[in-house]
Amino acid sequence: MEKTVNILGFAGSLRKRSLNRAILAAASELLPGKATLEIFDLEGIPLFNQDQEKQPPDRVREFKAKIRAADALLIAVPEYNYSVSGVLKNAIDWASRPYGDNAFEGKPVALMGASVGTLGTARAQYHLRQTCVTLDMHPLNQPEVMVPSAHEKVDREGKVTDPATRDKIKELLANLVVWTGRLGTG
C-alpha cells in the first residue's frame, strides 16, 4: 500500500483574491488519490528580524513546524518586479533561519505561478529555484506551471476555469507525489 503524501502549500501573496491563491485552491481540487494538501496562509508573519531569529514569533514557529511535518511543498509564486514577492522571500528567510535550523532542508518542492503578464511568473520561479538550491530543497523540474494571462483563466469567484491550466496543475501534483516517493521523503 502506498503512503499518502502530505503536501504543504502556500502562496506568496497576501491578497485574498490573488491569482496565485486561486491556482493553489485549484490544486486542492486536483490532488491525486494518494495525496493531501494543507494550505498555509502567510498572513501574520512579521518582517524578518535577525535579532529574533532564535526566538521567532508564534506564527513563524507554526510555519516552520508545518513545513517540517509535510512530506513535500507546493509554492504558488507571484512575480513582482521580475522576482519573487517580498512576502514570499520574507517567509522563506524566517523558515530557513537561524543557521542550522533550516525547515526546508531536504524537502521536495513544486513551483507554480500565475500572472496577468505573458510569462506567467517565469522569472520569479527561476529566482526561487536558486534559493531552493542554497536551502538544500529538491525542486521538481517538470512540468513547469507558469500561467500567463491568468486573469482570463480565473473567474470572479477565484476558480480556475481554464481546462489546460487545470490539467497542468494536476500533472504537477502527480509528478510531485512521484518525486517525493523517489526521494524517500514521503
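The preceding data block contains the structure.
Residues numbered from 1 in each chain as written. Predicted model: local features only at pLDDT ≥ 70, side-chain atom pairs only at ≥ 80, totals over all residues. Heavy atoms only, no water.

Asker: Please clarify how the pattern of salt bridges should be interpreted in this entry.
Answerer: Opposite charge on two side chains lets them pair, provided their charged atoms get close. Summed over all chains, the structure comprises 14 salt bridges. A salt bridge links Arg-68 to Asp-101; the nearest nitrogen and oxygen atoms lie 2.4 Å apart. On the criterion of sequence distance, the pair formed by Arg-68 in helix H2 (residues 58–69) and Asp-101 in the loop between helix H3 (86–95) and strand S6 (108–114) is long-range, its members being 33 residues apart. With relative accessibility at 40%, the residue Arg-68 sits in the partly exposed group. By relative accessible area, Asp-101 is classed as partly exposed at 28%. Through salt bridges with shared partners, a single ionic network connects Lys-16, Arg-21 and Asp-41. (Salt bridge = Lys/Arg side-chain N within 4 Å of Asp/Glu carboxyl O. Helix = DSSP H or I, 4+ residues; strand = E, 2+ residues; numbered from the N terminus. Buried < 20%, exposed > 50% of the residue type's maximum accessible area, 1.4 Å probe, protein only.)

Asker: Please explain H2 as it appears in this structure.
Answerer: Since there are 3.6 residues in each turn of an α-helix, residues three or four apart along the chain are aligned in direction. Taking 1.5 Å as the rise per residue, H2 with twelve residues should run 16 Å; its terminal C-alpha atoms sit 16 Å apart, in good agreement. The set of residues buried in H2 consists of Val-60, Phe-63, Lys-64 and Ile-67. Burial along H2 is one-sided: seen end-on, the buried residues are contained in an arc of 95°. Turned more than 90 degrees away from the buried face of H2, the exposed residues are Asp-58 and Ala-69. (Expected span 1.5 Å × (residues − 1). Arc of directions from axis to C-beta.)

Asker: Is there a simple way to explain the packing of aromatic side chains in this structure?
Answerer: Aromatic ring pairs are defined here through the distance separating the ring centres and the angle between the ring planes. Following the criterion strictly, the structure yields three aromatic pairs and no others. Centroid distance Phe-10 to Phe-63: 5.1 Å. Interplanar angle 85°. Geometry classified as edge-to-face. Within this pair, whereas Phe-10 is found in strand S1 (residues 5–11), its partner Phe-63 is found in helix H2, the two being separated by 53 residues in sequence. A single burial state applies to Phe-10 and to Phe-63, both of which are buried. Taking the centre distance of 5.0 Å and the plane angle of 75° together, the rings of Phe-48 and Trp-94 count as edge-to-face. With Phe-48 in the loop between strand S2 (35–39) and H2 and Trp-94 in helix H3, this pair connects stretches of sequence that are 46 residues apart. Owing to a relative accessible area of 27%, Phe-48 belongs among the partly exposed residues under this scheme. Look at Trp-94 and you get buried, because its relative accessible area is 1%. Taken together, the aromatic side chains of Phe-10, Phe-40 and Phe-63 make up a single cluster linked through ring pairs. Over the ring of Tyr-82 we find Arg-123, and its NZ or CZ is 3.6 Å from the ring centre. (Phe/Tyr/Trp six-rings, centres within 6.5 Å; stacked < 30°, edge-to-face > 60°. Lys NZ or Arg CZ within 6 Å of the ring centre and 35° of its normal.)

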